[in-house]
Amino acid sequence: MLPPSRKDFVSLTLGESGSYSNSKQWRRQSCWRKWKQLSRLQRSLILFTLMLLLVCGIATSPTLTGHLRDGVVGENAYDGKQPFVVNLKNEYRSILPELPSEKKDYHRRGPPVLQNRSQTKTNISSLFGVQNKGLDLKNVDKGSEGGNKIISWRGAVIEDEQASDTDTKDTEIQEDPASLALAESRLEAVREAFRHAWKGYKNFAWGHDELKPVSKSYGEWFGLGLTLIDALDTMWILGLKEEFAEARQWVAKELSFDKNVDVNLFESTIRILGGLLSTYHLTGDSLFLEKAKDIGSRLMPAFNTASKIPYSDVNIGKGTAHPPQWTSDSTVAEVTSIQLEFRELSRLTGDPKYKLAVMEVMKQVHKLSGKQDGLVPMFINTNNGLFTHQGMYTLGARADSYYEYLLKQWIQGGQTEKELLDDYLQAVEGVKKNLLRKSTPSGLTFVGELSHGHFSPKMDHLVCFLPGTLALGAHYGLPADHMELAKQLIETCYQMYAQMETGLSPEIAHFNMHEGSPQDVDVKIADRHNLLRPETVESLFYLYRFTKDKKYQQWGWEILQNFNKYTRVPTGGYTSINNVRDLANPNPRDKMESFFLGETLKYFYLLFSEDPKLISLDKYVFNTEAHPLPIWPQAE
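Remember, predicted model here, so these are calculated numbers, not experimental data. All residue numbers here refer to positions counted from 1 along the written sequence of the relevant chain. Note on the predicted model: pLDDT of at least 70 is required for a residue's local features to be given, and 80 or more for side-chain atom pairs to be given and counted; whole-chain, interface and lining totals, by contrast, use all residues. Computation of side-chain values covers all heavy atoms of the structure but excludes hydrogens and water.

Digging into helix α8 (residues 226–238)
Next up, step 1: Secondary structure counts use DSSP, requiring at least four H or I residues in a row for a helix and at least two E residues in a row for a strand, with both numbered from the N terminus. Expected helix span is computed as 1.5 Å times (number of residues minus one). Taking 1.5 Å per residue, 13 residues should reach 18 Å; α8 reaches 19 Å between its end C-alpha atoms and fits that length.
Next up, step 2: The seven residues ending at a residue and the seven starting there each receive a fitted axis; the angle between those axes is the bend at that residue. Maximal helix bending in α8 amounts to about 40°, located at leucine 232.
Next up, step 3: Where α8 terminates, the next one or two residues include glycine 239, which has phi positive at roughly 75°.

Printed below as a string of structure tokens:
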């Protein structure tokens, strides 16, 4: 038998609603109907893509290409002539920014407003979904006023789609595509740097305090995984899901504070307690709050002193505390820079003991004699509660964050605690009167030190927190000249990098004040090390967030590239170096401090971000380890 013949046609049955017509009018109606069926977000993405294609077509025309080669777009140039470069494998590679593949969404509402802007290639469902790969987060929160609220991976509470389209015209930020592409390329460079640092930590120091990247080993301080805990909220902010998930698993299964170990009250508060509280607020994951309660309660024996000024060291397993072996003093910065964290712990737990303990310290320091125009000495005795080593005043080590926390406690508390504000304003005036000078030959404004009436032109890199703090205060309505001083000081901090052969700042600089000096900055041999510190990048972030002056991003980009060139270890991690003045041999110290991941890279990312809602400075205040904590409503 012959096989049945194949039918070369398709049967088509039309509905009764109308006959088919292949006319242009019918096709237009069909396309319009399909267009209307799309959601507003889908239509916006299609239109944005078409606009990008149009811009790309124009940009690739010979005329515009020639202008670009001639340096019209100055932001794409490292020195006005050469393209930016980033070291990804211990060598330079050109960054060629790609236009973003999708429109960034700036207007979703709900605290904290942290959108996942880190994904360069993602689909819409993954952007809004909560595929946490083991994260213990709730996907849907039933709102009290009806309707579902979706909690995104980055912690943003997003109302459902019906509400998400409102206020688009008012809140959406219009950015030039080229600027967005440049910003995204820089953000990706920070994410890549973090992944490289994390690679070294994961391979050679997992669960330990610090990575020693050159020797591919680790260093232990408290034995509590300092680098991992310090980096938790950085990973969340950068959108590094896999890294965060594996770190969370370690916290859940391995992190225990029931250890017979002495820890420093200040360092464990700002790094561990602060890091856990911040991660709790960003994620909503109760695991981190429970761990924060545990370490917070174990640190409380430090306050069991006759003076109520806490000891510097606590044994978190035994519940005992003591001063260092060589002195009965604590540093002023240490006892006055734990307040943000313990105050927040009281707010979350409802137990006032944490806040009462740290505020008693502030009350005593407020009324102590021995200050000079609001400036405090560096040491305080835990037995009698009095300043020691009086007559020495600095904004560097041992005193720096006292001034920072005066302002930030006032902000955290809803701007209601007048004593804190008064002390801060008086201290700023004291800095102007006693510590400010100009260098030669460039006239850089710097902050020196005072020792028994004698001025020293010595400025720690730590002092570079000050421009950011001054700018933050000006943002909250403090005198406008604070912002002007901030701009002068950040220029100086940048020059501490730019005038060094490696483009990296020394730990301590001495400024020239004599006529005929050839260079503003001198560095003693013992001070030429760089520890990957964050303070200058921190202040660049604040200045850019408040002024939108692109030069601050440019300066930060130069610093990041120099970190890549001189401190990056090929097998993973970054190392502090001994000599910022030696191009041929910066001499690695074989140590990556936890604050490089906790602070430095986080501030780089925030500096390069064009989203002012990414950790809004109207909703969060950073502790001195760059962990954001919420600003309280004024009623609290």
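Having seen the model, we can carry on.
Topic: the pattern of salt bridges
Next up, step 1: Counted as salt bridges are all cases of a side-chain nitrogen of Lys or Arg within 4 Å of a carboxyl oxygen of Asp or Glu. Applying the stated rule across the entire model yields 28 salt bridges.
Next up, step 2: We note a salt bridge from aspartate 351 to lysine 353, for which the minimum N-O separation is 4.0 Å.
Next up, step 3: Residue aspartate 351 is classed as partly exposed on the basis of its relative accessible area of 29%.
Next up, step 4: To sort residues, take the accessible area from a 1.4 Å probe on protein chains only and compare it with the maximum for the residue type: under 20% means buried, over 50% means exposed, and anything in between is partly exposed. According to the relative accessible area criterion, lysine 353 is partly exposed, its value standing at 38%.
Next up, step 5: Across the pair lysine 432 and aspartate 481 runs a salt bridge whose closest N-O atoms are separated by 2.6 Å. Residue lysine 432 is found in helix α16 (residues 418–434), and its partner aspartate 481 is found in helix α18 (residues 480–498); the two are separated by 49 residues along the sequence.
Next up, step 6: Given the relative accessible area of 23%, lysine 432 is considered partly exposed.
Next up, step 7: The network of salt bridges with common partners includes Glu184, Glu188, Arg191 and Arg195.

Things to note about empty space enclosed by the protein
Any space left empty among the atoms is revealed by the rolling of a water-sized probe across them.
Next up, step 1: Both cavities and pockets are sets of points on a 1 Å grid over the protein atoms alone; in a cavity a 1.4 Å probe fits but cannot get out, in a pocket the set is open with protein on both sides within 12 Å along at least five of seven lines, and lining residues sit with an atom within 4 Å of a point. Grid points are joined across faces, edges and corners, and a volume is the space filled by probe spheres set on the points. Considering all chains together, one arrives at nine cavities of 30 Å³ or more under this definition.
Next up, step 2: Quantified by volume, the second largest cavity comes out at close to 70 Å³.
Next up, step 3: Along its surface, the second largest cavity is lined by Leu395, Tyr403, Tyr424, Ala427, Val428, Val431, Leu466, Leu470 and Leu485.
Next up, step 4: For the lining of the second largest cavity, the elements supplying multiple residues, two or more each, are α16 and α17 (466–475).
Next up, step 5: The element best represented in the lining of the second largest cavity is α16, accounting for four residues.
Next up, step 6: Any residue that is not Ala, Val, Leu, Ile, Met, Phe, Trp, Tyr, Cys, Pro, Asp, Glu, Lys or Arg is counted as polar, Gly included; the first ten are nonpolar and the last four charged. A breakdown of the residues in the lining of the second largest cavity according to their chemical character gives nine nonpolar, no polar and no charged.

Remarks on the packing of aromatic side chains
Next up, step 1: Pairing of aromatic rings covers Phe, Tyr and Trp, the last counted by its six-membered ring, and requires centre-to-centre distances within 6.5 Å; plane angles under 30 degrees mean stacked, over 60 mean edge-to-face, and any other angle means tilted. Under the criterion given, the structure shown has 24 aromatic pairs.
Next up, step 2: Taken together, Trp557, Phe563, Tyr574, Phe596, Phe604 and Phe608 form an aromatic cluster joined through their ring pairs.
Next up, step 3: Sitting over the ring of phenylalanine 455, arginine 437 keeps its end group 4.0 Å from the ring centre. Only when the NZ atom of a Lys or the CZ atom of an Arg is both within 6 Å of the ring centre and within 35 degrees of the ring normal do we say a charge sits over the ring.

Considering the sheet that holds strand β18 (residues 454–456)
Next up, step 1: Pairing between two strands requires that DSSP report at least two bridges joining them. Strand order in the open sheet formed by three strands is β14-β17-β18, with antiparallel pairing between adjacent strands. Both outer strands of the open sheet, β14 (392–393) and β18, are each paired with one neighbouring strand and no more.
Next up, step 2: For strand β17 (residues 449–451) and β18, the ladder comprises three bridges, and the chain directions are antiparallel. Bridging across to β18, serine 451 finds its partner in histidine 454.

Comments concerning unusual backbone geometry
Next up, step 1: In this model, threonine 440 is joined to proline 441 through a cis peptide bond whose omega is 10°.
Next up, step 2: Along the chain, proline 441 falls in the loop between β15 (436–438) and β16 (445–447).
Next up, step 3: Residue lysine 216 is not a glycine yet carries a positive backbone phi of 55°.
Next up, step 4: If you trace the backbone, lysine 216 turns up in the loop between β6 (210–212) and β7 (217–219).
Next up, step 5: Judged by its relative accessible area of 41%, lysine 216 falls in the partly exposed class.
Next up, step 6: The backbone of alanine 626 sits at a positive phi, close to 70°, despite the residue not being glycine.
Next up, step 7: Assessed through its relative accessible area of 0%, alanine 626 is described here as buried.

Topic: the environment of aspartate 258
Next up, step 1: For aspartate 258, the location among the structural elements is in the loop between α9 (241–253) and β8 (262–264).
Next up, step 2: When its relative accessible area of 56% is taken as the criterion, aspartate 258 is described as exposed.
Next up, step 3: Through-space distance from the C-alpha of aspartate 258 to that of glycine 317 is 5.0 Å; in sequence the pair is 59 residues apart.

Things to note about the state of the cysteines
In a disulfide, the sulfur atoms of two cysteines are held together by a covalent bond.
Next up, step 1: By convention in this document, the label disulfide applies to cysteine sulfur atom pairs within 2.5 Å. Summed over all chains, the structure comprises one disulfide.
Next up, step 2: Across the disulfide, cysteine 464 is cross-linked to cysteine 493 (sulfur-sulfur distance 2.1 Å). Taking the torsion about the sulfur-sulfur bond, which here is approximately -105°, the covalent link between cysteine 464 and cysteine 493 counts as left-handed. One end of the pair, cysteine 464, is in the loop between β19 (458–460) and α17; the other, cysteine 493, is in helix α18, and 29 residues separate them in sequence.
Next up, step 3: You can call cysteine 464 buried: its relative accessible area is 0%.

Here we look at the packing of α17 against α18
Next up, step 1: In this analysis, axes come from line fits to C-alpha atoms, helices being fitted only over the stretch in contact, and the angle between any two N-to-C directions falls in the range 0 to 180 degrees. One way to put it is that α17 packs onto α18 with a least axis distance of 8 Å and a crossing angle of 160°. If you check the angle between α17 and α18, you find them roughly antiparallel. In this structure, α17 meets α18 at a crossing whose hand is left-handed. For the pair α17 and α18, contact is made by Leu466, Pro467, Leu470, Ala471 and Ala474 and by His482, Met483, Leu485, Ala486, Leu489, Ile490 and Cys493, respectively.
Next up, step 2: Here the contact of α17 with α18 is composed, by residue class, of 11 nonpolar, one polar and no charged. For classification, angles of less than 35 degrees are called roughly parallel, those exceeding 145 degrees roughly antiparallel, those between 65 and 115 degrees roughly perpendicular, and all remaining angles oblique. Each crossing gets its handedness from the near helix: less than a right angle anticlockwise from the far helix is left-handed, clockwise is right-handed. Contacts were defined at the residue level, with two residues in contact if any of their heavy atoms lie within 4.5 Å.

What about the pairing of strand β20 (residues 508–511)?
Next up, step 1: Taking every second residue as pointing to the same face, both faces of β20 are buried, with Ile508 and His510 on one and Ala509 and Phe511 on the other.
Next up, step 2: In this sheet, β20 lies alongside β19 in antiparallel orientation, the contact comprising three bridges. Each residue of the ladder has a partner; that of methionine 459, found in β20, is alanine 509.

Remarks on the sheet that holds strand β12 (residues 379–381)
The strands making up a sheet are joined through hydrogen bonds of the backbone, oriented either antiparallel or parallel.
Next up, step 1: One open sheet holds the three strands; their spatial order is β11-β12-β13, and the pairing between them is antiparallel. Here the strands that pair on one side only, and so sit at the sheet edges, are β11 (329–331) and β13 (387–388).
Next up, step 2: As paired elements, β12 and β13 share two bridges and run antiparallel to each other. When the sheet's bridge partners are listed, isoleucine 380 is paired in β13 with phenylalanine 387.

A few points about the packing of helix α10 (residues 265–283) against helix α13 (residues 339–349)
To describe two helices that pack against each other, one gives the angle between their axes and the distance between the axes.
Next up, step 1: Relative to each other, α10 and α13 sit at 40°, their axes nearing to 9 Å. Considering their axes alone, α10 and α13 lie oblique with respect to each other. Regarding α10 and α13, the two cross each other, and that crossing is left-handed. Across from Leu265, Thr269, Ile270, Leu273, Gly274, Leu277, Tyr280 and His281 in α10, the residues of α13 making contact are Glu341, Phe342, Glu344, Leu345, Arg347 and Leu348.
Next up, step 2: Partitioned by chemical class, the residues of the contact of α10 with α13 number eight nonpolar, three polar and three charged.

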